[in-house]
Amino acid sequence: LETINSIKDLKVALSAERARANTIGFVPTMGYLHEGHTSLISNARKTNDIVITSIFVNPLQFSENEDLNTYPSDIEADTTKAINAGCDFLFTPSVSQMYPSEQHTSKTKINVSDLAKSWEGSLRPGHFEGVATVVNKLLNIVGPCSVYFGEKDFQQLQIVKQMVSDLSIDASVIQCETIRDRNGLALSSRNSYLDAAQKQQASVLYQSLQAAAKLVEIGESDPSTIEEFCRNRIISKIDASVDYIGVVDPKTLQVPDKIVDEVRILAAINFADVRLLDNIGCSPCVTK
Ligand code: PAF
């Protein structure tokens, strides 16, 4: 594995790979790698000649009251995990490498309208603009054939797909399953803020989504009934506050009047001072 922190050096290295007709798979991350990330790297390994992972805690996607300065990091452990998962290049740019202007920001920002306004977007103004801007920049630097994202951040995934399509970026966005611990809690770098007992309790989030998905599958077609059910189940079992539960069309992220097709149930809660996001896909059972 080669670790590179300059954009210029990475471009030189990857041009050489392209000249050898090697396909490139890319996994963008903010580091503190867990099995969710390493499964993305392993997926990329299966179908590409070269796999590159970036580790960059992107200041543009954090608002002032968020954990930019305390975001967990362990570059040594990340390097070992990336090697074991089959990564060839680790791109670890500094903030000034990515945003050399005096304010360490990008004057150009990418706004994926509509999709970025709802759910996470309405609670974290500027967040998705920061995500889309850095992902666009990373895609320009790396020029991968395929880029890998987990379903856990479902709204982010849809926004990236939309951006890649709208801006005719030559990369396939590969959607990968959420990886969970044995109780069902979706893996996230921020789970490191929870102790073992809290992690166990936090799995109520996914269990509630599963129960809500079952209701859809057995024929409940009213999005607000599903939403209420899921919300009540969570707050009756753990001391959490619910930011939102949304029963949405997976592409538009809009709530349908009635559930007649596949939906995604999105959820964000605050539990033990940690914000937890998860989602589940489900479809009404079609009886003929
Ligand atoms: O999902 C993440 O870790 C980040 O939002 C991403 C895609 C690496 C952009 O900073």
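The structure we're discussing is the one just above.
Everything in this summary refers to the structure shown in the same document.

### Some remarks on helix α9 (residues 204-217)
Part 1 of the reasoning: Given a rise of 1.5 Å per residue, 14 residues ought to cover 20 Å, and the 20 Å separating the end C-alpha atoms of α9 matches this to within 8%.
Part 2 of the reasoning: Burial in α9 covers these residues: V204, L205, Y206, S208, L209, A211, A212, A213 and V216.
Part 3 of the reasoning: Buried residues along α9 sit in contact with α8 (196-202), α10 (223-237), β8 (263-271) and β9 (274-282).
Part 4 of the reasoning: Remark: G219 follows α9 within two positions and exhibits a positive phi of approximately 115 degrees.

### With respect to the layout of surface pockets
Part 1 of the reasoning: Estimates place the volume of the second largest pocket at around 200 Å³.
Part 2 of the reasoning: Together, Y32, H34, E35, D181, L185, L187, S188, S189, N191, S192 and K199 line the second largest pocket.
Part 3 of the reasoning: A per-class count over the lining of the second largest pocket returns 3 nonpolar, 5 polar and 3 charged.

### Some points on the packing of helix α6 (residues 127-142) against helix α7 (residues 154-166)
Part 1 of the reasoning: Remark: α6 packs on α7, axes separated minimally by 10 Å, with the N-to-C direction vectors making an angle of 50 degrees. When the axis of α6 is compared with that of α7, the two are oblique. For the pair α6 and α7, the sense of crossing is right-handed. Taking contact as the criterion, the partners of F128, V131, A132, V135, N136 and L139 in α6 are, on α7, Q155, Q156, I159, V160, M163 and V164.
Part 2 of the reasoning: Looking at side-chain class alone, the contact of α6 with α7 contains 9 nonpolar, 3 polar and no charged residues.

### Here's the deal with the sheet that holds strand β6 (residues 172-176)
Sheet strands pair via backbone hydrogen bonds, and the direction of the pair is either parallel or antiparallel.
Part 1 of the reasoning: Taken in spatial order, the 6 strands of this open sheet run β1-β4-β3-β2-β5-β6, and their pairing is parallel. Of all strands in the sheet, those bounded by a partner on one side alone are β1 (2-4) and β6. For this sheet, the mean inter-axis angle between neighbouring strands, taken without regard to orientation, is 25 degrees.
Part 2 of the reasoning: In this sheet, strand β4 (residues 89-91) lies alongside strand β3 (residues 50-55) in parallel orientation, the contact comprising 3 bridges.

### Focus on the sheet that holds strand β7 (residues 240-248)
Part 1 of the reasoning: Within the open sheet, the 3 strands sit side by side as β7-β8-β9. Their pairing is antiparallel. Two strands bound the open sheet, and with one partner strand each, they are β7 and β9. With direction set aside, neighbouring strand axes in the sheet form an average angle of 15 degrees.
Part 2 of the reasoning: Where β8 meets β9, 9 bridges bridge the pair, whose relative direction is antiparallel. Directly across from I269, in β9, lies its bridge partner L276.
Part 3 of the reasoning: Relative to β7, α10 is tilted by about 155 degrees, and along the sheet it contacts β7 and β8.

Calculation criteria
Residues numbered from 1 in each chain as written. Predicted model: local features only at pLDDT ≥ 70, side-chain atom pairs only at ≥ 80, totals over all residues. Heavy atoms only, no water. Helix = DSSP H or I, 4+ residues; strand = E, 2+ residues; numbered from the N terminus. Expected span 1.5 Å × (residues − 1). Buried < 20%, exposed > 50% of the residue type's maximum accessible area, 1.4 Å probe, protein only. Contact = heavy atoms within 4.5 Å. 1 Å grid on protein atoms, 1.4 Å probe; cavity = no way out; pocket = protein on both sides within 12 Å on 5 of 7 lines; lining within 4 Å. Points joined across faces, edges and corners; volume = space filled by probe spheres on them. Nonpolar A, V, L, I, M, F, W, Y, C, P; charged D, E, K, R; others polar. Axes fitted to C-alpha atoms, helices over the stretch in contact; angles between N-to-C directions. Parallel < 35°, antiparallel > 145°, perpendicular 65-115°, else oblique. Left-handed = near helix turned anticlockwise from the far one by under 90°. Pairing = 2+ DSSP bridges.

That is the geometry; function is a separate question.
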